Amino acid sequence: MSAVLDVMCDKYPELIVCLPDVEKAAELLKQTFHGGGKLLLCGNGGSASDSEHIVGELMKGFRSKRYLSDEARSSFLKQFPDAGDFLADHLQGALPAISLVSHSALITAYANDVSAEMIFAQQVYGYGKRGDTLLGLSTSGNSANVARAIQVAKVQGLHTIGLTGNQGGQMAELCDVTIRVPWELTPDIQERHLPIYHALCIMLEEEFFPS
């Protein structure tokens, strides 16, 4: 087991029951990024904020600086001899991730003009490619707009991961991997989602940006 997961379980012993699914999710995400794919994320309320949080940890350095390779630096210098060093010094390695909760004009228009249940599904249809992964967060596992997004993702050939509470809801049946934290109340569930997705982000950073 990863040392990162050891630390997580030391801090949150109740999450030991989630380990097999956390490890499966980590492998799916590694497969996605090694294959040149991206991660799409969605959720409502606090889970929407978690979607944004995860993107922040993947698209820039989390615990490492993620310096550009010599090859990448050379490309910037070749194209922009005067500015190449500045550009290379102020860019970091990124794992491509898009939060579907961020596009307020699109999702409000779609909710008003078409269907609120489909605000994330439409984006999965537009952005998602075979080999990408969709991560849906829902404390109940029954958020209709997240479930619709997962249905579209499966048709599009995306991997699907769910972060839910103890029951898992619809997402337990829909997702390739469902991480169900052993709690029932929304605040308790959300508090345990954070150490799980932090652990996933750290493991991915160690995989793709070793220090």
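Keep in mind the model is a prediction, meaning the values are calculated, not measured.

Considerations on the overall build of the chain
Working step 1: The helix and strand tally for the chain stands at 10 helices and five strands.
Working step 2: By the compact-globule yardstick of 17 Å for 211 residues, the chain fits well, its C-alpha radius of gyration being 18 Å.
Working step 3: Along the three orthogonal principal directions, the C-alpha set of the chain runs to about 55 × 50 × 25 Å.
Working step 4: Within the chain, the fraction of its 211 residues that count as buried is 45%.
Working step 5: A separation of at least 24 residues holds for 71% of the contacts in the chain among residues at least 6 apart in sequence.
Working step 6: Accessible surface, the chain: about 10500 Å² in total, of which carbon and sulfur atoms supply 53%.
Working step 7: Charge-centre separation for the chain: the mean point of 16 positive side chains lies 4 Å from the mean point of 25 negative side chains.

Side note on the nonpolar core
Working step 1: Leu 39, Ile 54, Leu 58 and Ile 196 are the most contacted members of the largest nonpolar core, which totals 37 residues.
Working step 2: Top element by residues in this core is helix α10 (residues 186-208). It accounts for nine residues.
Working step 3: Beyond its immediate chain neighbours, meaning those up to four positions away, Ile 54 contacts Leu 39, Leu 41, Leu 135, Leu 137, Tyr 197 and Cys 201.
Working step 4: By size, the runner-up hydrophobic cluster in this structure holds 21 residues, among which are Ala 48, Leu 100, Val 124 and Met 171.

Things to note about the environment of Gly 43
Working step 1: In this structure, Gly 43 sits in the loop between β1 (39-42) and α3 (46-58).
Working step 2: Residue Gly 43 is classed as buried on the basis of its relative accessible area, which comes to 2%.
Working step 3: Along the sequence, Gly 43 and Leu 135 sit 92 residues apart, while their C-alpha atoms lie 8.8 Å from each other.
Working step 4: If we skip the residues at most four places from it in the chain, Gly 43 touches Ala 48, Ser 51, Val 101, Phe 120, Leu 137 and Val 146.

Criteria and cut-off values
- Residues numbered from 1 in each chain as written.
- Predicted model: local features only at pLDDT ≥ 70, side-chain atom pairs only at ≥ 80, totals over all residues.
- Heavy atoms only, no water.
- Helix = DSSP H or I, 4+ residues; strand = E, 2+ residues; numbered from the N terminus.
- Rg over C-alpha atoms; globule rule 2.2 N^0.38 Å.
- Buried < 20%, exposed > 50% of the residue type's maximum accessible area, 1.4 Å probe, protein only.
- Contact = heavy atoms within 4.5 Å.
- Areas by Shrake-Rupley, 256 points an atom, 1.4 Å probe, with all protein chains shown as cover.
- Lys, Arg positive; Asp, Glu negative; His and termini not counted.
- Charge placed at Lys NZ, Arg CZ, Asp CG, Glu CD.
- Core = buried A, V, L, I, M, F, W, Y, C linked by side-chain atoms within 4.5 Å.

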